[in-house]
Amino acid sequence: MPTLIVEVFGGMFPYADRVGPYAEGELWGIFMDRSELMGWTTSFSNPGPVLWRIEEGELTFDTDGSQIGFVQVGLDTDIGASELDPSNPAHTSYEPVLTEAEVAELDEFELANAGWAPYPEPDRPPHTDPSVAIPPMLQCVDDSLRWFGEIEVSAFQVTGIGVSRTTMPHAFPFVSVPYWFNTTTTRPRARAQVTVAADVWNANMAADIAANLRRAHGRWFEIGPLTTAPPEYAAGPDMRSIEWGRGEPSQAIAVSLPEWTPSAIGWIIAKLFDATLSHNPDMRNLSVRVTRSEG
Amino acid sequence: MTTLIASAYGRFSPNANLLDESATEDLYSIFLARSELMRWSSLGSSPTPQLNPPLWSMNEAELTYGADDSRIGFAQVGLEAGITERLDASDPERPAQQRTSSAAETTAEDAAID
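These lines cover the structure that appears in this document, whether it is placed above or below. (Residues numbered from 1 in each chain as written. Chains lettered and ligands numbered in written order. Predicted model: local features only at pLDDT ≥ 70, side-chain atom pairs only at ≥ 80, totals over all residues.)

## Considerations on the overall build of chain B
A tally of helices and strands in chain B yields three helices and three strands. Sequence-ordered secondary structure for chain B, helices as α and strands as β, is β-α-β-β-α-α. Here chain B holds 114 residues, and 33% of them are scored as buried. Intrachain contacts of chain B at a sequence separation of at least 6 include 61% that bridge at least 24 residues. (Helix = DSSP H or I, 4+ residues; strand = E, 2+ residues; numbered from the N terminus. Buried ≥ 20, exposed ≤ 12 C-beta atoms within 10 Å, placed from the backbone. Contact = placed C-beta atoms within 7 Å.)

## Focus: the environment of glutamate 25 of chain B
Residue and element names in this part refer to chain B. Assignment of secondary structure puts glutamate 25 in the loop between strand S1 (3-9) and helix H1 (27-37). The class for glutamate 25 is partly exposed, based on 15 C-beta atoms found within 10 Å. Residues glutamate 25 and leucine 37, twelve residues apart in the sequence, show an inter-C-alpha distance of 16 Å.

## Observations concerning helix H5 (residues 130-148) of chain A
Each α-helix turn comprises 3.6 residues. Residues three or four places apart therefore point the same way. All names here are of chain A. In a regular helix each residue adds 1.5 Å, so 19 residues correspond to 27 Å; H5 covers 27 Å between its end C-alpha atoms and thus fits that length. Along H5, the largest kink reaches about 25° and is centred on proline 136. Most of H5 sits inside the fold, with 16 of its 19 residues counted as buried. (Expected span 1.5 Å × (residues − 1). Bend = angle between axes of the 7 residues up to and from the residue.)

## Focus on the nonpolar core
Residues and elements named next belong to chain A. Judged by nonpolar contacts, the single largest core of 88 residues is most densely connected at Val6, Met137, Ile268, Ile269 and Val288. Element by element, the count of residues in this core is highest for helix H7 (residues 262-279), at ten residues. With sequence-adjacent residues up to four places away left out, valine 288 is seen in contact with Val158, Val194, Val196, Ala235, Ile269, Leu272 and Phe273. (Core = buried A, V, L, I, M, F, W, Y, C linked by C-beta atoms within 7 Å.)

## Describing the sheet that holds strand S5 (residues 190-198) of chain A
Residue and element names in this part refer to chain A. The strand order across the open sheet formed by eight strands is S2-S3-S1-S4-S8-S5-S7-S6, and the pairing between neighbours is antiparallel. Lying at the two open borders of the sheet, with one neighbouring strand each, are strand S2 (53-59) and strand S6 (222-228). Mean inter-strand twist for the sheet, computed between neighbouring axes without regard to direction, equals 25°. The pairing of S6 with strand S7 (residues 251-257) spans five bridges and is classified as antiparallel. Of the residues in S7, the one forming a bridge with leucine 226 is isoleucine 253. Docked against the sheet, H5 engages strand S1 (3-14), S2, strand S3 (67-74) and strand S4 (149-161), running at close to 25° with respect to S1. Sitting on the sheet, H7 touches S4, S7 and strand S8 (285-292), and the angle it makes with S8 is about 150°. (Pairing = 2+ DSSP bridges. Axes fitted to C-alpha atoms, helices over the stretch in contact; angles between N-to-C directions.)

## A closer look at unusual backbone geometry
Glycine aside, a negative phi is what most residues show, and trans is what most peptide bonds show. Cis geometry is adopted by the peptide bond preceding proline 225 of chain A, which originates at glycine 224 of chain A and carries an omega value of 10°. A positive phi angle is found at arginine 39 of chain B, which is not glycine, with a value near 65°. Its location among the elements puts arginine 39 of chain B in the loop between H1 and strand S2 (57-63).

## Points about the sheet that holds S1 of chain B
Consider a sheet: its strands pair through backbone hydrogen bonds, and that pairing is either parallel or antiparallel. Residues and elements named next belong to chain B. Reading across the sheet, the three strands line up as S1-S3-S2 and stay open at both edges, with antiparallel pairing between neighbours. Looking at which strands have only one partner, the edges of the open sheet turn out to be S1 and S2. Across the sheet, the axes of successive neighbouring strands diverge by a mean angle of 10°, strand direction being ignored. In terms of strand pairing, S2 meets strand S3 (residues 71-78) through six bridges, oriented antiparallel. What sits directly across from glutamate 62, in S3, is phenylalanine 74. Of the strands in this sheet, S2 and S3 touch H1, which is tilted by about 135° from S2.

## A word on the environment of valine 77 of chain B
Among the structural elements, valine 77 of chain B can be located in strand S3. It is 12 Å that separates the C-alpha atoms of valine 77 of chain B and serine 7 of chain B, two residues lying 70 residues apart in sequence.

## Here's the deal with the pairing of S1 of chain A
Note on strand geometry: in a regular strand, side chains alternate between the two faces of the sheet. Residue and element names in this part refer to chain A. Note that S1 and S4 share twelve bridges and pair antiparallel. When the bridges of S4 are listed, valine 6 appears paired with valine 158. In this structure, S1 lies alongside S3, joined through seven bridges in antiparallel fashion. Bridge assignment links valine 6 to a residue of S3, and that residue is valine 71.

## Topic: the environment of proline 178 of chain A
Residue and element names in this part refer to chain A. Note that proline 178 resides in the loop between S4 and S5. With 19 C-beta atoms counted inside 10 Å, the residue proline 178 sits in the partly exposed group. A C-alpha to C-alpha distance of 29 Å links proline 178 and isoleucine 30, two positions 148 residues apart in sequence.

Below you can see the structure in the form of structure tokens.
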């Protein structure tokens, strides 16, 4: 099933009365509540038109590293569940990341650090287009984290596993959305570096992506030039089943955003997913990280 | 067609550069942009409306903060997109109308404040 993972990095100052001793699992519930209130998902068991199904969500601000928290959702809307074809293996089965024999050979440390994996559900097309789900998902993650405390976000990373651009023409362009960012006369702009990792990679990909974004964004988003990012800015979380291609060395795209908000960051990541998946039909795994530049 | 009108009341301090004579945006365009970005509405048509259908279509929106009363602005949407009727038919306990109302109120507030 297509899966999206949103990771948020930066600093968090939790509200004492909202973060309990077992806080790590609490983000799931708040993200679920927020998603349902805003119409992005439903807790009802009946199939319904939603953007995503929630799989995981954890606060991680109190662990090592700069990650504040993460949320993982499935883009299977269940709309196609009644149309499953039992004779089609893609509709009724899935391939586990590891075989049972491989799992049996893992030691305790490996089991505790096995890394990300898509939720084991049979594939039920049609799926929500990742570029449609990304802006509201970043907004929902940001809203949910701010329920627990004050946060200062330094980076968002969105990773799609098993994704593909749908053939739905409703995904892009969103004709009216750029008007939201017509605020450059009143708000300070934000500089950032965009890094990309994918399971299909070639030497020209970063330049192609930058060119596509530049054509699509017009005056409110400034795209380019290509630059080199610190190693810690690299996109693509460690996953046993995916070998990420990232370009050499730590290739990044310098961007200037009209504002440092989940909306602007989500918009540019969504556009990048749309452009990249459209130009690389064989690509199934894609990770994009937007890290704010200092100064 | 079912119609929802959300009005916001209180005080309003406009961003001067966004609401002077050269301003190109108004509450209608900003409300629509926010609705599309958050996937509550869409200008595009879909051949598969059962997948992520929009919650509403735009009717009107206007800033009214200079008028006599305390109303800052309002937005009016139509709920003919289809989700309400279909969800109500499939599950009488599903609060579809409430779902639509909550998102519409949030969008009006975002557009007026930001």
